[in-house]
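As a plain string of letters, each chain reads:
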Amino acid sequence: MSEPDAGPPAAVAPTAADDPDTELGTDPASAAAPPSRRAALLRSGLIVGVLVIVFLVILPRYIDYQEVAAAFQALTPGQIAVMTVLGVIAWFVSGLVFCALIPGLSIVRGPTSWLILSGIGSSIPFGPWNMGVLWVVVRGWGVANIPATSGIALYGVVNELSRLFLPLFAVVVLAATGALAGAKNADSAWVIALISAVAFVVATALIVAIVRSERAADWLGRTGQRIVTWTLRRLGRDGAPDVSASIHRFRDQLGVVIRRRGLAALGTSIVAQFAWVIVLIVALRMTGVPESALSPGDVFAVYALVMVITIIPLSPGGAGVPELLFISGLTTIAGTEYQSAITAGVFLYRLYYWFLPIPLAWILMKVARRGTSMLPSTAELKAAARG
């Protein structure tokens, strides 16, 4: 993801956001255009439907919510303080990824960026709109257009690569500690780890090849174009996106950032994943799940699997499905006698990962955009893109 500095930085091609005459659609501001009322209602209805099915239909069949509530009530003020400190540390480390990707972004505004992106995305889950909202905030901090656009665009790539890295590491740790010996699902664990590792290596290699070599970018563009065109024809569809142009646009606009900051950003993102694993482990211990039932390696393995599965957005806003995956995966290992305690631990972890960033995001938006409406209008997004 990085290479030695071989001289002056290469010129970065202008983005659509830099050219007022370029059609809006290739920058974060375009992605931030509010959805239609129909689309908003459909997505909101889907969110409510997922939450109802998971928390009111599926989980009550297996879990006693009174026992879950009792586990929460048993938490002491000291335990809550420890969880809060760990949660704040995880927020801070997660935000450092933005500091690595956007030159000049302070260690305060990096975590602020993560909280805004996470909280707005969870509370108003309308596709990539939250990324455009964050882009306007970062531009309001005085960050130039190209660094803001490139950094936010690369955040998603780096985050997904860090997720793909986790399963292989988890299985290696389990194997080294002997936890896989005789395990019923050992073969499945190795298969998942190897698939994730291959995806991680292939994706990283493709990005590095595109960035480092124009010849490789040309070859990948031609090959990708043939594959996409052939696939669409087989599906009976005419026309195909310009894959080659997209690859070269990626290279021109993001290549400098990847060469200089890609490795640091990826490493920081992986560390952030470890920080959240610690939050989950501590949450489970505090709600009554002993190490004899779930070792740290077991928890990490389930966490890694859930992170890979949820790369695909299974539920708008990220609620419902992750909880179900965590609870079912951890209960499979620990046994049903710990199901309520595991549920309480997962809920406690998700309180810091998913729920608390929502009100914090709106507070931070109010502070960052004081004097203007909290959410940018379409006109403001277009003006910021062309400013």
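Residues numbered from 1 in each chain as written. Predicted model: local features only at pLDDT ≥ 70, side-chain atom pairs only at ≥ 80, totals over all residues. Heavy atoms only, no water.

**A look at the packing of aromatic side chains**
On inspection of all chains with the given rule, the structure shows 11 aromatic pairs. Aromatic pair Trp-276 and Tyr-349: ring centres 6.2 Å apart, planes at 80°, arrangement edge-to-face. Of this pair, Trp-276 sits in helix α10 (residues 243–286) while Tyr-349 is found in helix α13 (residues 339–355), placing the two residues 73 residues apart along the sequence. No difference in accessibility class separates Trp-276 from Tyr-349, as the two residues are buried. Clustering of aromatic rings is evident, with ring pairs tying together Trp-114, Trp-276, Tyr-303, Phe-326, Tyr-349 and Tyr-353. (Phe/Tyr/Trp six-rings, centres within 6.5 Å; stacked < 30°, edge-to-face > 60°. Helix = DSSP H or I, 4+ residues; strand = E, 2+ residues; numbered from the N terminus. Buried < 20%, exposed > 50% of the residue type's maximum accessible area, 1.4 Å probe, protein only.)

**Digging into the pattern of salt bridges**
Using the criterion set out here, one finds 1 salt bridge in the structure. A salt bridge links Glu-323 to Arg-350, with the nearest nitrogen and oxygen atoms 3.0 Å apart. In this pair, Glu-323 is assigned in helix α12 (residues 321–334) and Arg-350 in helix α13, connecting sequence segments 27 residues apart. For the pair shown, Glu-323 and Arg-350 are each scored as buried. (Salt bridge = Lys/Arg side-chain N within 4 Å of Asp/Glu carboxyl O.)

**Comments concerning the nonpolar core**
Counting 87 residues, the largest nonpolar core has Leu-101, Trp-276, Tyr-303, Phe-326 and Tyr-349 as its most contacted members. The element contributing the most residues to this core is α10, with 15 residues. (Core = buried A, V, L, I, M, F, W, Y, C linked by side-chain atoms within 4.5 Å.)

**Considerations on helix α5 (residues 109–123)**
Taking 1.5 Å as the rise per residue, α5 with 15 residues should run 21 Å; its terminal C-alpha atoms sit 21 Å apart, in good agreement. Counting buried positions over the 15 residues of α5 gives 13, a clear majority of the element. (Expected span 1.5 Å × (residues − 1).)

**A word on the environment of Phe-98**
In this structure, Phe-98 sits in helix α4 (residues 77–101). With 12 residues separating them along the chain, Phe-98 and Gly-110 place their C-alpha atoms 5.2 Å apart. Once you skip the residues sitting within four places of it in the chain, Phe-98 turns out to touch Leu-105, Gly-110, Ser-113, Trp-114, Leu-117, Leu-134 and Tyr-155. (Contact = heavy atoms within 4.5 Å.)

**A word on the side chain of Ser-122**
Secondary-structure assignment places Ser-122 in helix α5. We classify Ser-122 as buried; its relative accessible area is 12%. In terms of polar contacts, Ser-122 uses its side chain to reach the side chain of Trp-354, at 3.2 Å. (Polar contact = N/O pair within 3.5 Å; in protein donor to acceptor, adjacent residues only side chain to side chain.)

**Topic: a nonpolar patch on the surface**
Side chains of Val-48, Val-52, Ile-53, Leu-56 and Val-57 sit close together on the surface and give an oily, nonpolar patch of about 430 Å² of accessible area. Residue position: Val-52 is located in helix α2 (residues 37–58). Using a relative accessible area of 36% as the deciding quantity, one classes Val-52 as partly exposed. (Patch = residues over 30% accessible without salt bridge, like charges linked within 9 Å, V, L, I, M, F, W, Y side chains within 5 Å. Areas by Shrake-Rupley, 256 points an atom, 1.4 Å probe, with all protein chains shown as cover.)

**Details of helix α6 (residues 129–140)**
The end-to-end C-alpha separation of α6 is 17 Å, in line with the 16 Å expected for 12 residues at 1.5 Å each. Of all 12 residues that make up α6, 10 are buried, and the element is covered over most of its length. Immediately downstream of α6, the backbone of Gly-142 shows phi near 95°, a positive value.

**Observations regarding the packing of helix α11 (residues 296–309) against α12**
Contact geometry for α11 and α12: axes closest at 10 Å, N-to-C directions at 145°. In this structure, α11 crosses over α12, and the sense of that crossing is right-handed. Together, Asp-298, Val-299, Val-302, Tyr-303, Val-306, Met-307 and Ile-309 of α11 and Pro-322, Leu-325, Phe-326, Gly-329, Leu-330 and Ile-333 of α12 make up the contact between the two elements. For the contact of α11 with α12, the residue count by class is 11 nonpolar, 1 polar and 1 charged. (Axes fitted to C-alpha atoms, helices over the stretch in contact; angles between N-to-C directions. Left-handed = near helix turned anticlockwise from the far one by under 90°. Nonpolar A, V, L, I, M, F, W, Y, C, P; charged D, E, K, R; others polar.)

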